[in-house]
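# Structure at a glance
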Amino acid sequence: MLAAAAVRALSREHPLPRRWGVPKTVLLSALTFGIAPLYIWPGKLKTAATIEQQQLWHLAQWIRLQSGHAEGERLSKLAERAGFKPLLWVCSMFCLTVTVAVFALQAAHWGMDLRDIQAATYSYGRMTPQHFPFPVARQLFVVWTAGLCAAYTIHWFHLQLHQGQVKRFVEALNVIAEREQIRPVPVRSARLGFRPIWALGGILMVGVGAIWAIPMVLAGALQARWPEESRQLRGGMSEMLREMLMMRRPVLAVPRPAKLGEFCMNDLCRGRVPPQAQYCPRCGLCAGANVASAGKVA
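Throughout what follows, the structure given in this document is the object of discussion. (Residues numbered from 1 in each chain as written. Predicted model: local features only at pLDDT ≥ 70, side-chain atom pairs only at ≥ 80, totals over all residues. Heavy atoms only, no water.)

### Observations regarding the overall build of the protein chain
- Looking only at helices and strands, the protein chain has nine helices and two strands in total.
- What you see in the protein chain, going N to C, is helices and strands ordered as α-α-α-α-α-α-α-α-α-β-β.
- The buried share among the 298 residues of the protein chain stands at 48%.
- Look at the contacts in the protein chain between residues 6 or more apart in sequence, and 68% of them connect residues 24 or more apart.
- Total accessible area computed for the protein chain in this model is approximately 14300 Å², and 63% of it derives from carbon and sulfur atoms. (Helix = DSSP H or I, 4+ residues; strand = E, 2+ residues; numbered from the N terminus. Buried < 20%, exposed > 50% of the residue type's maximum accessible area, 1.4 Å probe, protein only. Contact = heavy atoms within 4.5 Å. Areas by Shrake-Rupley, 256 points an atom, 1.4 Å probe, with all protein chains shown as cover.)

Here it is in structure tokens:
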């Protein structure tokens, strides 16, 4: 049954795992001169956005075919817009590719080593390059900074666009919920919302010359926060659909999906905390009532 499948699908674990905390982001980006997150993050976003789009589309199709609401067609269109945007990914990869290509061409021309790359990136202005003049180092630093800033900004915009489209779908669904006299799903307004540890990581990176760390931490914090926010939205939609089914005649007894727990609030951990658990099994942080909340589903 389409409705029961939609209930179960919306309650599944989010496909975008919260594994990229501040330490991992700062370490890998520093070791790879800012390249690694730009290659890895879009792939994770593509998987999550595609699955979320399918879940929203199935829900919209049931409402369009079975509920009789005029907004069903609009919900289907909103669901189709909530997927991964290949054009934005191409633009981000283009900025990164141009940056890497410029460094590769200069390396082929001057014969650069790791010290020269460091002199044109993190140690610009504090270290003298050995194989090329200082004006070349200045040009490379500008390309490195501008290219990565543009790539991370595009990825941040991609995240904002996807999340905004999902929220617009939920807001349209809430209109139907009000007519059915069902409690709507709370939707948070757009905000930066990253914790001070992300700001600290960005300050540390900027302190060593990585100006591109500013859009990087904005994108990283947004991508790390979305699984929790998405699971709350999808859990609310799952419960809303379940109530719609129970109000129909004959009544469809759809079981409440099992809770999968929460994420640890420790930015250095971000492990899975089982339902009803009072402490994180990975780091031991006290989870308390936030973990055992009965109103949340995965």
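Once you've had a look at it, read on.
### Brief notes about the packing of aromatic side chains
- A full pass over the atoms with the stated rule returns eight aromatic pairs.
- Look at Phe-33 and Tyr-122: their rings are 5.3 Å apart centre to centre, the planes differ by 20 degrees, and that puts the pair in the stacked class. Placement of the pair is Phe-33 in the loop between α2 (22-31) and α3 (36-67) and Tyr-122 in the loop between α6 (114-119) and α7 (134-179), with a sequence separation of 89 residues.
- Centroid distance Phe-141 to Trp-144: 6.0 Å. Interplanar angle 55 degrees. Geometry classified as tilted. Highlighted residues: Phe-141 and Trp-144, both in helix α7, separated by three residues, approximately one helical turn.
- The buried category is assigned to Trp-144, whose relative accessible area is 3%.
- One aromatic cluster is present, formed by Phe-33, Trp-41, Tyr-122, Tyr-124, Phe-134, Phe-141, Trp-144, Tyr-152 and Trp-212 through successive ring pairs. (Phe/Tyr/Trp six-rings, centres within 6.5 Å; stacked < 30°, edge-to-face > 60°.)

### Overview of helix α8 (residues 196-207)
- Compared with an ideal rise of 1.5 Å per residue, which puts twelve residues at 16 Å, α8 spans 16 Å between its outermost C-alpha atoms and is within 8% of the ideal.
- For α8, every residue scored as buried is listed here: Trp-198, Gly-201, Gly-202 and Met-205. The buried residues of α8 occupy an angular sector of 95 degrees when the element is viewed end-on, so they sit on one face. Of the residues in α8, the exposed ones pointing more than 90 degrees away from the buried face are Pro-196, Ile-203, Leu-204 and Gly-207.
- Backbone geometry just downstream of α8 places Gly-209 in the positive-phi region, at approximately 100 degrees. (Expected span 1.5 Å × (residues − 1). Arc of directions from axis to C-beta.)

### Comments concerning the pattern of salt bridges
- Inspection of every chain in the model, using the stated rule, returns two salt bridges.
- Its salt-bridge partner being Lys-167, residue Glu-229 comes within 2.8 Å of it at the nearest N-O pair. Of this pair, Glu-229 sits in helix α9 (residues 213-247) while Lys-167 is found in helix α7, placing the two residues 62 residues apart along the sequence. There is no split in this pair, since Glu-229 and Lys-167 are both buried.
- When salt bridges with common partners are traced through the structure, they connect Lys-167, Arg-225 and Glu-229 into a single cluster. (Salt bridge = Lys/Arg side-chain N within 4 Å of Asp/Glu carboxyl O.)

### Structural notes on a nonpolar patch on the surface
- Together, Val-206, Ile-211 and Ile-214 make up a nonpolar patch on the protein surface, roughly 220 Å² of accessible area in all.
- Along the chain, Ile-214 turns up in helix α9.
- Residue classification places Ile-214 among the partly exposed residues on the basis of a relative accessible area of 45%. (Patch = residues over 30% accessible without salt bridge, like charges linked within 9 Å, V, L, I, M, F, W, Y side chains within 5 Å.)

### Here we look at a positive patch on the surface
- On the surface, Arg-74, Lys-77, Arg-81 and Arg-168 cluster together into a positively charged patch.
- When residues of the positive patch are assigned to their parent elements, the largest contribution, three residues, is made by helix α4 (residues 72-81). (Lys, Arg positive; Asp, Glu negative; His and termini not counted. Charge placed at Lys NZ, Arg CZ, Asp CG, Glu CD.)

### Structural notes on the packing of α2 against α8
- Running from N to C, α2 and α8 cross one another at 20 degrees; their axes reach a closest spacing of 10 Å. Between α2 and α8, the angle is such that the two are roughly parallel. The interaxial crossing formed by α2 with α8 has right-handed handedness. Side by side, α2 and α8 meet where Val-22, Thr-25, Val-26, Ser-29 and Ala-30 of the first sit next to Ile-197, Trp-198, Gly-201 and Met-205 of the second. (Axes fitted to C-alpha atoms, helices over the stretch in contact; angles between N-to-C directions. Parallel < 35°, antiparallel > 145°, perpendicular 65-115°, else oblique. Left-handed = near helix turned anticlockwise from the far one by under 90°.)

### Brief notes about the nonpolar core
- By size, the foremost hydrophobic cluster in this structure holds 39 residues, and its most contacted members are Trp-144 and Trp-212.
- Of all the secondary structure elements, the ones that give two or more residues to this core are α2, α3, α5 (86-110), α7, α8 and α9.
- Grouped together as the second largest cluster of nonpolar side chains are 25 residues, Ala-172, Leu-233, Met-237 and Met-244 included. (Core = buried A, V, L, I, M, F, W, Y, C linked by side-chain atoms within 4.5 Å.)

### Some details on the state of the cysteines
- Summed over the entire model, instances satisfying the criterion amount to zero disulfides.
- Unpaired in this structure, Cys-91 has its nearest cysteine sulfur neighbour in Cys-95, at a distance of 7.1 Å.
- With a relative accessible area of 31%, Cys-91 lands in the partly exposed category.
- Relative accessible area serves as the criterion here: at 17%, Cys-95 is assigned to the buried category. (Disulfide = S-S within 2.5 Å.)

### Observations regarding the environment of Trp-20
- When you line up the elements, Trp-20 lands in the loop between α1 (2-10) and α2.
- Residue classification places Trp-20 among the buried residues on the basis of a relative accessible area of 9%.
- For the pair Trp-20 and Trp-41, spaced 21 residues apart in sequence, the C-alpha separation works out to 9.1 Å.
- Setting aside its immediate chain neighbours within four residues, Trp-20 contacts Thr-25, Leu-28, Pro-37, Ile-40, Trp-41, Lys-44, Trp-198 and Ala-224.

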